[in-house]
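Fold and contact review
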Amino acid sequence: MTILTSESGATEVVTVRRTESLDVHGISKLKTVFTQRVFGNVNVIYLLEKSNLAVTISDEKNNVVAHAAFLDYPSWDVADQAEWEDWMYKNYADSDKFTPVNTLFLHLFVSKDEFFTQSIKEIMRAVFNAVADLHFICLVAPNNVALTPALSSIFEPVRNIPGSKLTEFSVYVCHRHRHSPQLHIRKARVEDHDDLLPIFLRHNDTLKAIYGEYFLAELIKAQDENNHAVVSEDQGCAVGFMSVCSEVNVQLLQDSFDLGPYHGLCKPHPDDVLQTTEEAGTEKGDIMLSRQASQRSGSKLSQLSDVISVQETDEKVYVNQEAGLTLNSETTTEIGQEGRNELQQKGTLSRASSSDDAIRGVNCKTPETPSTDVERQPFRPVYKGDVTAFCIQLFCIDEKHETRSINFLSHVFGLFPDKDYCIITVPHLTPEFPLLESFVRAVPLSTCTLPQELYIFHRAGLINLIQVRAAKYTDVPAVEKLIESLHLHESILDDLKIYNEARRDANGTSVQAFVAEVADQIVGIAVLRNEEDIEYIRSHYNIEDFIYFNHHQRDEHGHLHHYALNPIFKNHSRHFLKEILRLSHKSSLYYPVYPPYDKNQFKNPCAHSLTSALHYMVPVRPRRQIVYPLEKLGINAPSKQVSKDQPVYALYHINRKLTLEPKVTINARIVVVGASDVGISFLETLVFCPHLNFNNITLISTHGLPGNSTCMDQSFFASSHCYNDKDYALMSLRSWVNVVVGKMTGIDRAAKNAIVSIDRKVPYDHLILCTGQQYQVPFPSGVDIRNLSTNQDVPDCSKQIYTGKMPSNLFTVHDSEDCFTAMNCLKDNVVNHKGNVIVYGNTLDSYTTVATLMSLGICGSRIHFVQPPLTSNVTCFNNYAIEEAVQKGLLAAGVTTYYNCKLAKWNDGADPDPICCASFTTDSNPLKLPCTAFFSFLEKKVDYDAFEAINNACLVYDGKLVIDTTFHTNDSSIRAAGPLTKYSNRYYVNQWSHSYFSSKEIGVQLAASMLPLFDPTLEPMSEPSQELDRLIPIYKGPTIKGGLVPGGYYYLHVAKPAIPSPLQAQMAQPNYGQEIITGKALNGDYFRLHINPYSMVEAITCLSLKPFPSSNLICLYGQHELLLNNLCSRFKEGLIQDLYSYFMEAWCMAIYHDRFIDFQQEVHEILASEKVHDQPSMKELVQKVREDELNLAETPKKYLKRVLQQNGYKNDIEKRILNYLNYNSNHLSMFARPGIV
């Protein structure tokens, strides 16, 4: 908050913030005749869309007080945006100091008259603080326009060169030093103690408590050649302190972090061992790149910087302040507790991103850790040279001056002229403060357990003179040397050759190439093409979350193919991207990440190289697509650019608005156990937060991330319709999530470690347990069937755990890897051989497995479908018509079904590996069935290893892991969700659990409950009151299941979350509603809708011999029957004979659109608004009618209809409908709109 004071003395409490789209109207109202004379006739929406930075001052009611928009080229079209430097140099004196790095141009400023002077000063101060390298803000105005005194007090005229031809426009400049001056840095003196101590104590008094009241004076006094202390000074007062030391335990850092890009923080030495003999011979020939190899290639890049001397650095170095985060008490405490000597010995530090962050084919963060007991130790480089790093061991600065923290670095590097790197460590939970925004985070190795992050800054990072320009022929040797160790270096060079020779590829697509240059050396390369598939991107990805599409020309969209930048200059990545956009005349760039199983991704001549740009781009959510009846729609179908099929990919994006918008970096170690639907949904929610960058998300899973290999056949399972392999490819979680392959076997709560496969420790700050439930190996009762025992004679073994020898042909499939293993075993040992298969269970998965076995070519007579006794009176289908059809399908296929069977023995009690026969008891005569494969789908339970880990960690377990309504266990650092959990008994809802809700929705809510811990834009979540804490949350998303079942039927069931009960019992309830059924299950055209008493669709059940668009039909859930074209009345009139064809009619497509929910919300907002003063809204009127509070002379329906029309609601809704259809016309081309008929 800031207080503005007008010349008349009036005050206003305001907030200086980035401009939002909702500010457009307020900005436009502030435009005056003078505004137009100085800045031209500005389209505010267009300007905001193309601005690099837009700042708004708003009052306490969020009304716009002032606004300014800044771009990286001059206004008034006085020069081409890519050539403004030459224009300035030719026409204005001393203009060589203006560079794209340090200059922005003011394209619009508006303000309330009374706060004009104060507003422009406040905005300039905020902009200089926000943009680290910004030194000058220029204003271009016509010569015949005189600036107001307020603007003249900020901007100074730039003198024209005598004889220049430019006479129409003048240039004015605003200097940084007048608004955010550089701090003076000097050696610390003992006398500074009194100034500095309050700054330290403001954050934390731990240092004082441990080392005494005069700890700071003693530290300053103890300076020597290896230890220095410096202060920053403002107007003679010390406002910041930094203590640096040249003694660092580099060996510990090399063992904990991947320092390959920085040559191990050592000087090059002839005896360095940088790669194994095998790698030296095969590195360039390998296509699939490992994480370590990619970062070793970065180390070769970093060596290029050795030629840059300290004399070439720019003394005026500034820092990015946008995050606005201060060094908090946690930082001060942690560093202080270690002290100088401990830091020298322990040397704990963090991760720097390599030049290759988006890796196709492997995990981008850390290699997946094998779960075997004996692991092959990865190669670690050996560095023999002298240490070339010093460390910051204590740092603090006053909050008012923290954005100038970078001023320290130039001075401290001068204290150690023989050192190239400055390093600092911070605790994981400490937010990045402004000093760290210029550092690069070091990548921790997969075995790292150090409690801090390591940040690295190279001496060359002080250089501000980075130049980005179009590539030339003469750049090829330097580029080749830069990228020689990258696996796709040939592809980059090929594209560079295409650019140099023709500027277009073989398809005629424009190609552009740019290089980044520092001290006459090329340190970066980028190659892009025009984005020719922009219609597909717009229709398949939510790109309009970031841009107003209609304000961007087609040729302004670019496709980034290659991007490589020396990692020591990574702090200039945003500038490199900003310059690429400016020089290429683009406003948006797109970068795809293809799934790892796409074998052709590296063979494509336009293959995408690895890129470190992902950290500065935003992930774009994919859009749910409508399944169109193309033949029925004919010429009204969407264009092929919208409806075509092509290889799926995850999309990343950056535009001009994002180039100066930093992300909030979160280093908290978030460990998710289990790749269940809940866990994946949780990860997806975190990853797709565009303004947050999570560096330490780890997934512990038995088989790693799903959809990350070619093992994609999951047809043994029924589908929950939460995620499929296409969804995994569209998310590319592997780009952001570390993966540890193994099973959690323990939790060390005191040390905050998750134990994996007995001996592997994974440290955490937040542990998320989403292991779910799995099918277990059945426990044989051991009954001898020769005694003709029945089920009544068999003891209850349902709670016993099988611990005997595991048969090799027993399958309890849990995920796609298990399915792939079972599939291969069946193909090798069963399909073309004799022998039977036993499927044991009565779940939906057991039915889909039987159907899968028959699809593999195993005839039904070889399949024994053995069903155990039901544990409840609800079957998996809960629909007699469907059960009858499926049973007849089994019978027709020759599958023998046995009911109420309990497993007695395998192989008559002999060695169970492999299973040759299995015996069962029944209600009458026992069974003995031969088999070559045994599938168990008996019952899902919590995995025993997970149970042991939870129980031994003393987490409350009562049949399931006990949680509260905010997902917490009895340990505040451990949360859990999904079928693994149950609510605490204090809620008195033992019958309810997460098992009855949508797993995807549970995961989203779990993430939502944690985001306030990390996201500064969200209000911290308060503890619920004692009264509210007695209520459990209700999740509204439907539960979905489906799959291919015996008889060749496609099955789908969508229902409201509920405790299972027999369908007949539900229908007997007086408030059940009605059902609409077309077709018959036996005929394979069964479609059933349950309409509740409020005329809403509450359940959908389909059984069909023909495939149907499940994703479309799921959209019908929760819709009112009137919205479905008067469904109930039409059905009663006999106008609907087939619901399948009815819901494939053209009018339904609007309901299936992914933005239909947003449209409904807009209509609700219209009905809730007051159209006539002092009259209630439509929403309030409906409520009063329902409660019979109005004395009406007409029927309620007629009254509401009349008010709807008279008060203007109807017109507004009709306009909103037309806007919805028009804006989404690329998807909804089958609807006629005004102007096309």
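First, a word on scope: everything that follows refers to the structure included in this document. Please read all numbers here as calculations on a predicted model, not as lab measurements.

The rules behind these values
Residues numbered from 1 in each chain as written. Predicted model: local features only at pLDDT ≥ 70, side-chain atom pairs only at ≥ 80, totals over all residues. Heavy atoms only, no water. Salt bridge = Lys/Arg side-chain N within 4 Å of Asp/Glu carboxyl O. Buried < 20%, exposed > 50% of the residue type's maximum accessible area, 1.4 Å probe, protein only. Helix = DSSP H or I, 4+ residues; strand = E, 2+ residues; numbered from the N terminus. Core = buried A, V, L, I, M, F, W, Y, C linked by side-chain atoms within 4.5 Å. Contact = heavy atoms within 4.5 Å. Pairing = 2+ DSSP bridges. Axes fitted to C-alpha atoms, helices over the stretch in contact; angles between N-to-C directions. Phe/Tyr/Trp six-rings, centres within 6.5 Å; stacked < 30°, edge-to-face > 60°.

1. Description of the pattern of salt bridges
With the rule as written, the count across this model stands at 37 salt bridges. The closest approach of N and O atoms between D192 and R186, which form a salt bridge, is 2.7 Å. Here D192 matches R186 in class, with each residue buried. Residue E884 pairs with K888 through a salt bridge whose shortest N-O separation is 3.6 Å. On the criterion of helical spacing, the pair formed by E884 and K888 is a turn pair, its members being four residues apart in helix α25 (residues 880–893). A relative accessible area of 28% means that E884 is categorised as partly exposed. A cluster of three or more residues bridged by salt bridges with shared partners is formed by E85, E579 and R582.

2. Here's the deal with the nonpolar core
In this structure, L265, F682 and L769 are the most contacted members of the largest nonpolar core, which totals 135 residues. Take this core: its biggest share by element is six residues, from helix α21 (residues 677–687). Look past the residues within four positions of L769 in its chain and what remains in contact with it is V673, M744, I747, I950, L955, L961, I974, R975, A976, A977 and L980. Counting residues in each nonpolar core, the second largest holds 66 residues, with V78, I120, L134 and A141 among its members.

3. Side note on the sheet that holds strand β49 (residues 1097–1104)
Read from one edge of the open sheet, five strands run β45-β46-β49-β48-β47, paired in antiparallel fashion. Two strands bound the open sheet, and with one partner strand each, they are β45 (1039–1045) and β47 (1074–1078). Each strand axis lies, on average, 10° off the axis of its neighbour in the sheet, ignoring direction. Where strand β46 (residues 1049–1055) and β49 come together, six bridges link them in antiparallel fashion. Note on β49: the bridge partner recorded for A1055 is A1099. Strand contacts of helix α24 (residues 844–855): β45 and β46, with the helix running at about 25° to β45, the strand carrying the most contacts. Sitting on the sheet, α25 is in contact with β45, β46, β48 (1085–1091) and β49, with an inclination near 15° to β49.

4. Overview of the packing of aromatic side chains
Summed over the entire model, instances satisfying the criterion amount to 44 aromatic pairs. Between F109 and F116 the ring centres are 5.0 Å apart and the planes differ by 90°, which places this aromatic pair in the edge-to-face class. An identical accessibility class is assigned to F109 and F116; each is buried. Aromatic pair Y541 and Y649: ring centres 5.5 Å apart, planes at 20°, arrangement stacked. With Y541 in the loop between α17 (534–540) and β19 (557–565) and Y649 in the loop between α20 (640–643) and β22 (650–655), this pair connects stretches of sequence that are 108 residues apart. The two residues Y541 and Y649 agree in class, both being buried.

Everything listed here is a matter of coordinates, which is why it stays silent on function.
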